[in-house]
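As a plain string of letters, each chain reads:
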Amino acid sequence: MTLNDQVLNQAELLAGEMDERLRLLCAVAEKQLSRQLRDGVTPEDIREDFVAAASLLACARWSRGQDIQEFRAGDLTVKKGQAGNPEGEALALLAPYLKPGFAFLGV
């Protein structure tokens, strides 16, 4: 199974459905996260973390326009109306692999 297939499958599990918008957001998340990885680190090197982060990032962006009350990614649960930043959580998951100088500050 390709990395892209894994991201799409996990995003579908998180969101409960797959539509073209979520498919597009998965591709965008993969590209964005790939560009932020340190030199010498590939998405395949950190496949499990990369798949989790890319699918969570895509679902977080997708859910903004949906009437979703809750979705889960491993130990992380995001509920509508709950304070938190699922996009930040996705980036924090890959923090050890990101280029120096890239910083994420949550609120």
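Higher on the page you've got the structure.
Residues numbered from 1 in each chain as written. Predicted model: local features only at pLDDT ≥ 70, side-chain atom pairs only at ≥ 80, totals over all residues. Heavy atoms only, no water.

## Some remarks on the nonpolar core
Piece 1. Among the nonpolar cores identified, the biggest contains 27 residues, and Leu22, Cys26, Leu33, Phe50 and Leu94 are the most heavily contacted of them.
Piece 2. Listed by contribution, the elements that provide at least two residues to this core are helix 1 (3-15), helix 2 (20-36), helix 3 (47-63) and helix 4 (86-93).
Piece 3. Broken down by element, the residue count for this core peaks at nine residues, all from helix 3.
Piece 4. Contact partners of leucine 94, with chain neighbours within four places excluded, come to Leu33, Ile46, Asp49, Phe50 and Ala53. (Core = buried A, V, L, I, M, F, W, Y, C linked by side-chain atoms within 4.5 Å. Buried < 20%, exposed > 50% of the residue type's maximum accessible area, 1.4 Å probe, protein only. Helix = DSSP H or I, 4+ residues; strand = E, 2+ residues; numbered from the N terminus. Contact = heavy atoms within 4.5 Å.)

## Looking at the pattern of salt bridges
Piece 1. Within this structure, the stated rule accounts for two salt bridges.
Piece 2. Put simply, glutamate 20 and arginine 23 hold a salt bridge, and the shortest N to O gap is 3.5 Å. On the criterion of helical spacing, the pair formed by glutamate 20 and arginine 23 is a turn pair, its members being three residues apart in helix 2.
Piece 3. According to the relative accessible area criterion, arginine 23 is partly exposed, its value standing at 35%.
Piece 4. For the salt bridge of glutamate 87 with arginine 61, the shortest nitrogen-to-oxygen distance reads 3.5 Å. Taken together, the residues glutamate 87 in helix 4 and arginine 61 in helix 3 connect sequence positions 26 residues apart. (Salt bridge = Lys/Arg side-chain N within 4 Å of Asp/Glu carboxyl O.)

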